[in-house]
Amino acid sequence: MSRTRWVVDEPDDTAALEVEGRKFSTNDEGAPMMCNLVCQAMGRHVHIDYCRADDPTACTGREEVQHVAKRLLPDPDRPKDYITHNLFWKKSGFKDPYSKEEQATFAKCDAMCSGPEHAGEAGTLPQPSYCTLPMFHQPSDPHGAAPAIGHISNDGHQFTCRNPVVMQQAYHVIFVADRSGSMSSKDKKPLPNTPASGRISSRSNNRFGAVLSSLDAYSVILFNSHVVPVIENDFTSTPDQLLDTVLPHAASGGTNFSAAITNAASVMETHWSTERSPVIIFLSDGECQIADQTMQDLCRTSCRLGKALSFHAVSFGRSSQNTGSSNGGQNSLRRMVAIAQDAQNNAPRNPLAPAAVTVMSSYTDALDTVQLAETFLGIAESLRKPRGSLMQLSSRRT
């Protein structure tokens, strides 16, 4: 184990994976863990290995392999794959030391139901509800026939527990989307093969259409140089009805972050409910500056009303890693998230609320339509255990 390093796949590079009471971060040595106990300690888990395919698309749809889209240490320029426990031991050349029952558990999906009832109250241990399907299953249709027991989440995982959306709508999700002229770029297009693909593509076959194909919110604000509150506090309309409301809008004009945030604060305060926590998803592909004071006022308003704001900024279609230059829009978005995180960390805690109910603010680069959809589903739908694995330092493609 002295020749191994931990790899932890989380949005925050400093995130830690807890195993047997010890916390490990990316690049930590594997020596403290005995190799024959790691899998047992992690429960449902994946392993991470270097990708052996010349084309990452060759990993798509495979039962025991899932390509990792992001760059991971060690050797971040070498593509990597998630692989199942079973495949890891087949490739190792050694006999799997775990029992048949343990192997069956390790083969199951690691997604967890987002219902706060699974988090555990003060003094009690969490009781997670896991997806019942295989680790790298194809998403189930949430609009298809309901399972005899349990529910299917919007991102296609199947659980045996009650649907948390039916039990309580715990969040007021306010979607704030850039519809400036740059969003008319056709380098990104709506998700294909969905019931709404044709309708969206016929109106906005571009970046803005890609955003609409991932829409899932109770309030929707569109902005360019000006702000248009399209939907406010709507918990009753169907997805098709929401789409009918936003489709007439198109991408054009400039970008004004300040006006968008000020309007979002107004919508949040006007429709404040003690039963729902505020969540803002803020998306832009453009460059714009915003004063710290504007974001601080938004966060202070939320805390004053009773709950800290969960703010998620998504930079769509651009990456300073790819362009080699600093993007002013990205810098502003990251700063907005930092202010929201600081407000959350300093807000008074509700001792009766499980920790899992708090959704920490985040920043995400969504470089294509699939990543964009996954970002929104990740914020609003099922949870996933932090994924981590030990990797051999000497591992090379063969």
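Whatever comes next refers back to the structure up there.
Residues numbered from 1 in each chain as written. Predicted model: local features only at pLDDT ≥ 70, side-chain atom pairs only at ≥ 80, totals over all residues. Heavy atoms only, no water.

Draft legend 1. Local environment of the overall build of the protein. Counting secondary structure elements, the protein contains 12 helices and 17 strands. Within the protein, buried positions represent 46% of all 398 residues. Within the protein, contacts between residues separated by at least 24 positions form 72% of all contacts whose residues are at least 6 apart in sequence. Of the roughly 19900 Å² of accessible surface on the protein, a fraction of 50% belongs to carbon and sulfur atoms. (Helix = DSSP H or I, 4+ residues; strand = E, 2+ residues; numbered from the N terminus. Buried < 20%, exposed > 50% of the residue type's maximum accessible area, 1.4 Å probe, protein only. Contact = heavy atoms within 4.5 Å. Areas by Shrake-Rupley, 256 points an atom, 1.4 Å probe, with all protein chains shown as cover.)

Draft legend 2. Molecular detail of the sheet that holds strand S4 (residues 47–50). The strand order across the open sheet formed by 3 strands is S4-S6-S5, and the pairing between neighbours is antiparallel. Two strands in the sheet have a free side with no partner beyond their single neighbour: S4 and strand S5 (65–68). With strand direction ignored, the average angle separating the axes of adjacent strands in the sheet is 35 degrees. Pairing of S5 with strand S6 (residues 80–83), which is carried by 4 bridges, proceeds in the antiparallel orientation. Across the sheet, the residue bridging to histidine 67 is aspartate 81, located in S6. (Pairing = 2+ DSSP bridges. Axes fitted to C-alpha atoms, helices over the stretch in contact; angles between N-to-C directions.)

Draft legend 3. Local environment of the packing of aromatic side chains. Evaluated as defined, the whole model comprises 7 aromatic pairs. Summarising the aromatic geometry, the rings of phenylalanine 223 and phenylalanine 282 are spaced 5.4 Å apart at their centres and angled 25 degrees between planes, so their arrangement reads as stacked. Residue phenylalanine 223 is located in strand S11 (residues 219–223), and its partner phenylalanine 282 is located in strand S13 (residues 277–284); the two are separated by 59 residues in the primary sequence. Exposure remark for phenylalanine 282: the relative accessible area of 0% places this residue in the buried category. Following the ring pairs from residue to residue traces out a cluster consisting of Phe223, Phe257, Phe282 and Phe311. The ring of tyrosine 50 carries the charged tip of arginine 78 above its face, separated from the ring centre by 3.7 Å. Over the ring of tyrosine 82 we find arginine 387; its NZ or CZ atom is 4.5 Å from the centre of that ring. (Phe/Tyr/Trp six-rings, centres within 6.5 Å; stacked < 30°, edge-to-face > 60°. Lys NZ or Arg CZ within 6 Å of the ring centre and 35° of its normal.)

Draft legend 4. Highlighting the environment of aspartate 187. Inspection of the secondary structure puts aspartate 187 in the loop between strand S10 (171–178) and helix H5 (197–203). Between the C-alpha atoms of aspartate 187 and asparagine 206, which are 19 residues apart in sequence, the distance is 6.9 Å. Only 2.8 Å separates the side chain of aspartate 187 from the side chain of serine 185, close enough to count as a polar contact. Polar contacts involving the side chain of aspartate 187 include one to the side chain of lysine 188, which spans 3.3 Å. (Polar contact = N/O pair within 3.5 Å; in protein donor to acceptor, adjacent residues only side chain to side chain.)

Draft legend 5. A look at the sheet that holds S11. If you walk across this open sheet you meet the 6 strands as S12-S11-S10-S13-S14-S15, and the pairing is mixed. A single partner strand is all that each edge strand has here, and the edge strands are strand S12 (227–231) and strand S15 (362–366). Neighbour to neighbour, the strand axes of the sheet diverge by 20 degrees on average, direction disregarded. Direction of pairing for strand S14 (residues 310–316) relative to S15: parallel, over a ladder of 5 bridges. Bridging across to S15, serine 315 finds its partner in aspartate 365.

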